[in-house]
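Structural description and commentary
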Amino acid sequence: MNKNKIIAYSLLSVLIILFIIRLILITKIELIPEETYYWQWSRHLSLSYYDMSPMIAYTIALTTFFGKFNSQFFVRLAAPTISLLLSFFVFIILKKITGKTIPSLIWAVLLNTIPIFNVGGVLIVYGNLQILFFSLTILFLIYLIITDKNYYWYLIGISTGLALLSKYTAVFIYLIVFLFLLLSKRYRKYFLKKEPYLAFLISIAIFTPVIIWNYFNDFVSFRHLLTLSGGYENFSIFLSNLFLFIVSQAGIISPLLFIIIMVFAFAGLYLGLKENNDIYIALSTASLVPFLYFVYQCTKTTVQPNWPVFLYFPAFLLSFVLTLRLYSILKLDKIKKIIVYFYGFSFLTGFIFSLIIFISPYYPVFSPFISIKISKSPLKDMLGWKKMGTGVGKILAAHKKDNLLIAARRFQVASELAYYVKGKPQTYSFNYFIRNNEYSLWNDFKNKKGRNFLYVIDTKYGGRLEKSLCKNFLSCSFVKKISIKNKYGQTIRTIKVYILKDFLYKDKFMFKKFSSKEF
């Protein structure tokens, strides 16, 4: 076996080892609220859902064998699998573009140093599925450019439809393909050919279940999306949002790598137009269109760090292609070494950020210089849910004769209770003072008249029982306050538990399907 084969097999082994490590990690970290919420979706299979497209529910239903195996391993099984597939996509695409095996494999391995990629390799959320099918669409687009075979258009249509079934922001693919055809002298001819239009119809056909569901549910999903997008505020808020957006993106990608790939995204567009390089145009367009849109969104609302994640896949590919080009034309070895060291430091930084993300919730004091107050950390959502479920389960057992239904003030807590309370019971969420969610469709409070509820409040969002809620029950009594702590004695969260007896269903507006005014 020659040296190159040994290196190639070693790099492939690294990817497999990383996959195995993630398979272990998914059993060690408790399901966060988003995951238990989507697991709840998988128990209520539907054409679509209030918050988003249905692919995440279908995926969890498949990996849990439709609820037969509900352990964390099976709920999350798709997450490390998707990460492995994305690494192979990087290798396949770059090998196709450059013809170089070892450098392409190295870049596929380095993808695994990016913090947000590592988070997505363990947690199962709908962004995982979107980036999978968005990346698959990019793969088919690159193959279309290189091979000039028209059947790739139909594969693009299928992967776009699946991306839309994963997350609505996959709609960017349409604009990306449109701009690519517009900017490419060679492919502009496809505006007058049937293939792109048939691909579009294929994607819409796959997305049809979501349209049908929304039609029969007053288009609440699309209305919810419009609410999240917000309205124009003012220039100072835009600057504040833009700053938070840039900082958050630098954090989830790692600062130096974020700068590198965004510089190359703009450089790729310039070179693509100048040299009529369709691969540069395709990858830069796929990166910049979503990025510039989210910059625009900063004029209206705070952009959540995970929203633009999918754009970094084509940007990551383009950074490799342009780096390889730059490396090949440089003559001074010193400059080449500087590039290697710079990239090495960038990926090392990303790897360190990834370690901090996974270590800090469990070891908040892991050096003499770094101490994280766990109650203030967003990472605390990785902790304490099983203890909460156990505590609530004991209260349920002590009041078994009351035949209590479990309800929570927030749908996130309701979902965690559904998963971690023994027996995985159906839970309910009182949504009248927060935005609507899928529980608005599941609650069916009209048919719960006369029932008793165990009501759980996370005190971070208010510590008192609402008077307006209590008026809808014959009696309301405080049962217990539970402080959930980590092994260092730090309080992760505090919950209050109440028993609400004999549901009167007096205020019908409060308990109707969409009681909240916020979508």
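Residue indices begin from 1 for each chain and proceed along its sequence in written order. The predicted origin of the model limits local features to residues at a pLDDT of at least 70 and limits the giving and counting of side-chain atom pairs to 80 or more, whereas totals for whole chains, interfaces and linings rest on all residues. Processing note: side-chain calculations cover all non-hydrogen atoms of the structure and skip hydrogens and water entirely.

Observations concerning the overall build of the protein chain
Across its full length, the protein chain holds 22 helices and five strands. With C-alpha atoms as the basis for the radius of gyration, the globule rule is written as 2.2 Å multiplied by the number of residues raised to the power 0.38. Computed over C-alpha atoms, the radius of gyration of the protein chain comes to 25 Å, within 12% of the 24 Å expected from 2.2 N^0.38 for 519 residues, which places it in the range of a compact globule. Along the first, second and third principal axes, the C-alpha atoms of the protein chain reach 80 × 60 × 50 Å. Exposure categories follow from relative accessible area, calculated using a 1.4 Å probe and restricted to protein chains: below 20% of the type maximum is buried, above 50% is exposed, and the middle band is partly exposed. When the 519 residues of the protein chain are sorted by exposure, 53% land in the buried category. Helical segments are the DSSP runs of H or I of at least four residues, strand segments are the runs of E of at least two, and each set is numbered from the N terminus.

Here we look at the nonpolar core
Only buried residues count toward a nonpolar core. Its members are Ala, Val, Leu, Ile, Met, Phe, Trp, Tyr and Cys residues joined through side-chain atoms within 4.5 Å. Counting 146 residues, the largest nonpolar core has W41, V90 and L417 as the members making the most contacts within it. Ranked by residue count, the leading element in this core is helix 8 (residues 126-147), at 15 residues. In this structure, W41 is in contact with Y49, D51, M52, S53, I56, A57, E438 and W442, ignoring residues within four places of it in sequence. Ranked by size, the runner-up nonpolar core spans 18 residues in total, among them Y428, Y432, L500 and Y505. The contact rule is simple, with two residues in contact once any of their heavy atoms fall within 4.5 Å.

What about the state of the cysteines?
Two cysteine sulfur atoms make up a disulfide if the distance between them is within 2.5 Å. Overall, the coordinates contain one disulfide when judged by the stated rule. For C470, the disulfide goes to C476, at an S-S distance of 2.1 Å. Its torsion about the S-S bond being 135°, the disulfide of C470 and C476 is classed as right-handed.

Things to note about the pattern of salt bridges
Where side chains of opposite charge bring their charged atoms close, a pairing between them can arise. Each salt bridge in this description consists of a side-chain nitrogen of Lys or Arg and a carboxyl oxygen of Asp or Glu lying within 4 Å of one another. Under the definition given, this model contains eight salt bridges. With its nearest N and O atoms 3.8 Å apart, the salt bridge here joins D402 to K401. Of the charged contacts in the structure, one is a salt bridge between E466 and R409, with a shortest N-O distance of 2.7 Å. Taken together, the positions of E466 in the loop between strand 3 (453-458) and helix 21 (467-470) and R409 in the loop between strand 1 (405-408) and helix 19 (411-420) put the pair 57 residues apart, joining distant regions of the chain. Assessed through its relative accessible area of 4%, R409 is described here as buried. Connected through shared salt-bridge partners, K401, D402 and K501 make up one network.

Considerations on helix 9 (residues 151-164)
Here helix 9 is 14 residues long and its end C-alpha atoms lie 20 Å apart, about the 20 Å a rise of 1.5 Å per residue gives. Three or more residues of helix 9 are buried, namely Y152, W153, I156, G157, S159, T160, G161, A163 and L164. The span expected for a helix works out to 1.5 Å for each residue beyond the first.

Some details on unusual backbone geometry
The phi dihedral of S254 falls on the positive side, at around 100°, and the residue is not glycine. In this structure, S254 sits in the loop between helix 13 (235-253) and helix 14 (255-275). A positive phi angle is found at N276, which is not glycine, with a value near 55°. Among the secondary structure elements, N276 is positioned in the loop between helix 14 and helix 15 (278-297). Judged by relative accessible area, N276 falls into the partly exposed class, the value being 42%.

Quick look at the sheet that holds strand 3
Across the sheet, five strands lie side by side as 2-1-3-5-4; this open sheet has mixed pairing. The open sheet has two edge strands with one neighbour each: strand 2 (427-429) and strand 4 (473-485). Strand-to-strand, the axes of this sheet are offset by a mean angle of 25°, without reference to chain direction. Where strand 1 lies against strand 2, three bridges are found, and the strand directions are parallel. DSSP calls a pair of strands paired once it identifies at least 2 bridges connecting them. Note on geometry: axes are C-alpha line fits, over the in-contact stretch for helices, and angles between N-to-C directions span 0 to 180 degrees.

Overview of a nonpolar patch on the surface
In this scheme, patches are assembled from residues that exceed 30% relative accessible area and form no salt bridge. Like charges are connected within 9 Å, while nonpolar side chains (Val, Leu, Ile, Met, Phe, Trp, Tyr) are connected within 5 Å. For the accessible areas, the method is Shrake-Rupley and the probe is 1.4 Å, while residue cover comes only from the protein chains on display. Taken together, F345, L348, F351, I352, L355, I356 and I359 make up a surface patch of nonpolar side chains, about 600 Å² in accessible area. Along the chain, I359 turns up in helix 17 (residues 333-359). A residue is classified by how much of its surface remains accessible, and I359, at 34% relative accessible area, is partly exposed.

Concerning the packing of aromatic side chains
Stacked, tilted and edge-to-face pairs are distinguished by plane angle, under 30 degrees for stacked and over 60 for edge-to-face with tilted covering the rest, among Phe, Tyr and Trp rings (Trp via its six-membered ring) whose centres lie within 6.5 Å. The final tally for this structure, using the stated rule, is 58 aromatic pairs. When the ring of F245 is compared with that of F291, the centres are 5.7 Å apart and the planes differ by 40°; the resulting orientation is tilted. Of this pair, F245 sits in helix 13 while F291 sits in helix 15, placing them 46 residues apart in sequence. Between F453 and F473 the ring centres are 5.8 Å apart and the planes differ by 80°, which places this aromatic pair in the edge-to-face class. Taken as a pair, F453 in strand 3 and F473 in strand 4 lie far apart in primary sequence, 20 residues in all. Residue classification places F453 among the buried positions, given a relative accessible area of 0%. Classification of F473 by relative accessible area gives buried; the value is 4%. An aromatic cluster of at least three residues, connected via ring pairs, comprises Y428, F430, F445, F453, Y455, F473, F503, Y505 and F511. We call a charge positioned above a ring when the Lys NZ or Arg CZ atom is no farther than 6 Å from the ring centre and deviates by at most 35 degrees from the ring normal. The ring of Y190 has K193 lying over it, and the distance from NZ or CZ to the ring centre is 5.1 Å. Stacked on the ring of W385, the Lys or Arg R493 has its end atom at 3.6 Å from the ring centre.

Some points on the pairing of strand 3
When you tally the buried positions in strand 3, you get six out of six residues, the bulk of the element. Side chains F453, Y455 and I457 of strand 3 all project onto a buried face; the interleaved residues L454, V456 and D458 project onto the opposite face, where all are buried too. Pairing geometry for strand 1 and strand 3, over four bridges, is parallel. Counted as the bridge partner of I406 is L454 from strand 3.

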